[in-house]
Amino acid sequence: MAKKNNKYQLTLEQVSVKDESLKQEQPVSFEFENHDEIFQIINKVEEKQLFENKSDAKEFAIGLKLFSEVMLRNRKHPLFEEFSPAFAKFMKKLKSS
């Protein structure tokens, strides 16, 4: 039986902009899947207190999980060729902290 991924929806909406000419009227919203339970990851990163600002922990965890899942799905892409070993080392360091 195949393992099912967790499914999420992310909505990004501008609250304010420094340059009004770049204002986006419509939020960006999309669904995605991830093999990890992202809310647990957020909690773990917050518990580690890696950052002074609790919001930084949320941004970091969400950004990392979005990026890493795309990288995993596209692991053979030349874009990730040199980066993958360093990323694996980074993840081990993060998990051990």
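Predicted model, so just to flag it, every value in this text is computed and none were measured.

Considerations on the overall build of the chain
- Helix and strand content of the chain: three helices and two strands.
- A compact globule built from 97 residues would reach a C-alpha radius of gyration of about 13 Å, whereas the chain, at 16 Å, exceeds it by more than 25%.
- When contacts within the chain are restricted to residue pairs at least 6 apart in sequence, long-range pairs at least 24 apart make up 49% of them.
- About 8,300 Å² of surface is accessible on the chain, with carbon and sulfur atoms providing 54% of the total.
- Seen as two clouds, the 17 positive and the 16 negative side-chain charges of the chain have centres 10 Å apart.

Quick word on helix H2 (residues 54-73)
- With 20 residues, H2 should cover 28 Å at 1.5 Å per step; its first-to-last C-alpha distance of 29 Å lies within 8% of that length.
- When we look at burial in H2, the residues that qualify are Ala57, Ala61, Leu64, Lys65, Ser68, Glu69 and Met71. Here the buried residues of H2 occupy an arc of 160 degrees about the axis, which is enough to place them on one side. Turned more than 90 degrees away from the buried face of H2 sit Glu59 and Arg73, all of them exposed.
- Looking at the packing, one finds that the buried side of H2 touches strand E2 (28-34), helix H1 (38-48) and helix H3 (83-96).
- Capping the start of H2 is the job of one residue whose side-chain oxygen sits 2.8 Å from the backbone nitrogen of Ser55: Asn53.

Here's the deal with the layout of surface pockets
- Estimates place the volume of the largest pocket at around 450 Å³.
- Contributing to the lining of the largest pocket are 18 residues, with Asp36, Ile41, Lys65, Met91 and Lys95 lying nearest its centre.
- Secondary-structure elements contributing two or more residues to the lining of the largest pocket are H1, H2 and H3.
- Here the element with the most residues in the lining of the largest pocket is H3; it accounts for six residues.
- Classifying every residue of the lining of the largest pocket by side-chain character gives nine nonpolar, three polar and six charged.

Here is what the cut-offs are and how they apply
- Residues numbered from 1 in each chain as written.
- Predicted model: local features only at pLDDT ≥ 70, side-chain atom pairs only at ≥ 80, totals over all residues.
- Heavy atoms only, no water.
- Helix = DSSP H or I, 4+ residues; strand = E, 2+ residues; numbered from the N terminus.
- Rg over C-alpha atoms; globule rule 2.2 N^0.38 Å.
- Contact = heavy atoms within 4.5 Å.
- Areas by Shrake-Rupley, 256 points an atom, 1.4 Å probe, with all protein chains shown as cover.
- Lys, Arg positive; Asp, Glu negative; His and termini not counted.
- Charge placed at Lys NZ, Arg CZ, Asp CG, Glu CD.
- Expected span 1.5 Å × (residues − 1).
- Buried < 20%, exposed > 50% of the residue type's maximum accessible area, 1.4 Å probe, protein only.
- Arc of directions from axis to C-beta.
- Polar contact = N/O pair within 3.5 Å; in protein donor to acceptor, adjacent residues only side chain to side chain.
- 1 Å grid on protein atoms, 1.4 Å probe; cavity = no way out; pocket = protein on both sides within 12 Å on 5 of 7 lines; lining within 4 Å.
- Points joined across faces, edges and corners; volume = space filled by probe spheres on them.
- Nonpolar A, V, L, I, M, F, W, Y, C, P; charged D, E, K, R; others polar.

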